[in-house]
Amino acid sequence: MLFDIVTIFPHFFDSSLKDGVVRRAIEADILKVRTVNLRNFTTDRHRTTDDRPFGGGEGMVMKPEPIYKALDVLKKEPPGARVILLSPRGKLLDQALAGELAQLQRLILVCGRYEGVDERIREHCVDIELSVGDYVLSGGEIAALVVIEAVSRLIPGVLGCESSAEKDSFSDGLLEFPQYTRPRVFNDWEVPEVLLSGDHAKIAKWRREQSLGLTYEHRPELLDSARLDEKDIKYLRSLGWEES
Ligand code: 9D3
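Residues numbered from 1 in each chain as written. Predicted model: local features only at pLDDT ≥ 70, side-chain atom pairs only at ≥ 80, totals over all residues. Heavy atoms only, no water.

A. Spotlight on the domain arrangement of the protein. Taken as a whole, the protein is organised into domain 1 (2–152) and domain 2 (169–239). Placing a centre on the C-alpha atoms of domain 1 and another on those of domain 2 gives a separation of 38 Å. (Domains from an automatic or database assignment.)

B. Highlighting unusual backbone geometry. Each neighbour pair has its own omega, and for glutamate 77 with proline 78 the value is -15°, a cis peptide bond. As for its placement among the helices and strands, proline 78 is situated in the loop between helix H2 (64–74) and strand S5 (82–92). Residue proline 183 is reached from arginine 182 by a cis peptide bond, and omega for that bond is 5°. Locating proline 183 in the fold gives a position in the loop between helix H5 (141–152) and strand S8 (185–186). Notably, aspartate 188 is not glycine yet its phi reads approximately 75°, a positive angle. Since its relative accessible area comes to 71%, aspartate 188 is described here as exposed. (Helix = DSSP H or I, 4+ residues; strand = E, 2+ residues; numbered from the N terminus. Buried < 20%, exposed > 50% of the residue type's maximum accessible area, 1.4 Å probe, protein only.)

C. How the structure looks around the sheet that holds strand S1 (residues 2–7). Spatially, S2-S1-S6-S5-S7 is the arrangement adopted by the 5 strands of the open sheet, whose pairing is parallel. Strand pairing shows two members of the sheet lacking a second neighbour, strand S2 (32–37) and strand S7 (128–131), which therefore form its edges. Averaged over all adjacent pairs, the angle separating strand axes in this sheet is 30°, with direction ignored. Sheet analysis places S1 next to strand S6 (residues 106–111), joined by 5 bridges and oriented parallel. Note that in S6 the partner of aspartate 4 across the bridge is isoleucine 108. The strands touched by H2 within the sheet are S1, S2, S5 and S6, with S6 carrying the most contacts at an inclination of about 170°. (Pairing = 2+ DSSP bridges. Axes fitted to C-alpha atoms, helices over the stretch in contact; angles between N-to-C directions. Contact = heavy atoms within 4.5 Å.)

D. Quick peek at a nonpolar patch on the surface. Taken together, Phe9, Phe12, Tyr135, Leu137, Ile142 and Val146 make up a surface patch of nonpolar side chains, about 520 Å² in accessible area. Topologically, leucine 137 is positioned in the loop between S7 and H5. (Patch = residues over 30% accessible without salt bridge, like charges linked within 9 Å, V, L, I, M, F, W, Y side chains within 5 Å. Areas by Shrake-Rupley, 256 points an atom, 1.4 Å probe, with all protein chains shown as cover. Salt bridge = Lys/Arg side-chain N within 4 Å of Asp/Glu carboxyl O.)

E. Expanded view of the side chain of arginine 113. Structurally, arginine 113 can be placed in the loop between S6 and helix H4 (119–125). Within the structure, the side chain of arginine 113 is placed 2.9 Å from the side chain of glutamate 141, a separation counted as a polar contact. Sequence-distant contacts of arginine 113, defined by excluding residues within four places in its chain, comprise Ile8, Phe9, Met62, Ser138, Gly139 and Glu141. (Polar contact = N/O pair within 3.5 Å; in protein donor to acceptor, adjacent residues only side chain to side chain.)

F. Looking closely at H2. Within the span of H2, buried status applies to Pro66, Ile67, Ala70, Leu71 and Leu74. Down the axis of H2, the sector holding all buried residues measures 125°, keeping them to one side. Tucked inside the fold, the buried residues of H2 contact S1, S2, strand S4 (61–62), S5, S6 and H4. (Arc of directions from axis to C-beta.)

G. Geometry of the nonpolar core. Membership of the largest hydrophobic core comes to 34 residues, with the highest contact counts inside it found for Phe3, Leu101, Leu130 and Val147. At the level of elements, S1, helix H1 (20–27), S5, helix H3 (95–101), S6, S7 and H5 are the ones that each hand at least two residues to this core. Residue contacts for phenylalanine 3: discarding those within four places in its chain leaves Leu31, Lys32, Val33, Arg34, Leu107, Leu109, Ile148, Val151 and Ser152. (Core = buried A, V, L, I, M, F, W, Y, C linked by side-chain atoms within 4.5 Å.)

H. Quick look at the packing of aromatic side chains. All chains considered together, the criterion is met by 2 aromatic pairs. Measuring from centroid to centroid gives 5.3 Å for phenylalanine 12 and phenylalanine 13, while their planes differ by 80°, and the two rings are edge-to-face. Exposure remark for phenylalanine 12: the relative accessible area of 37% places this residue in the partly exposed category. The class for phenylalanine 13 is buried, based on a relative accessible area of 1%. Their ring planes at 75° and their centres at 5.5 Å tell us that phenylalanine 186 and tryptophan 189 sit as a pair that is edge-to-face. Here tryptophan 189 falls in the exposed class, since its relative accessible area comes to 56%. (Phe/Tyr/Trp six-rings, centres within 6.5 Å; stacked < 30°, edge-to-face > 60°.)

This is the structure in structure tokens:
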């Protein structure tokens, strides 16, 4: 998969792509990430990428011409790219959408700044508008990293099979159960007895109930689309859950 990141801060990405899953994927030639400096597609002496909004108001808007020119060039080398605009008004990224993006060969990520991007770019050049959460960032750069990280680890061959995406949190729609490691007692804080019992059926039941309980407590809306069996539903009802 090839990512192009269109940004006025290309160096922002230097260190973040040098570690972890993304680096390994790049080294294995499964992933390529190029950063594209939007200012290289300006034509004026000051390399201007933004201007004041028509109609007045606070802040600046990203000019259409540099983004259009950058996309015009990038869409040809090689063709077939999907253009994603990172924007607070986009569709919320979730695990299912990350999985769909991981099927694609070529993505162009456009990072907005200021109050946003001239609407004509959205209308004519953008395929998908994506947000990474309901909070305000200063621009699309960190959001682009979130997309690359979430999508890269779902590309076949990027993760080892022992930690395959199947087993990940959200794959069955529940939050993960708590994990413990040695020492058994730390600062008087003990590991739950059941995990030391060697009774694998009992451990599995405890973990499932912890997952259900944590999801009910922190993210009850996830239960509406989680894969639940009769036992799960019975346990959740015992906690006070009512199906919606
Ligand atoms: C003043 C109104 N703001 C809309 C909520 C304007 C505004 C805020 C933040 C315009 C642009 C931005 C910059 N943010 C992004 O470019 C962005 C973002 C985000 O702020 N939150 C979550 N996901 C994303 S993806 C890109």
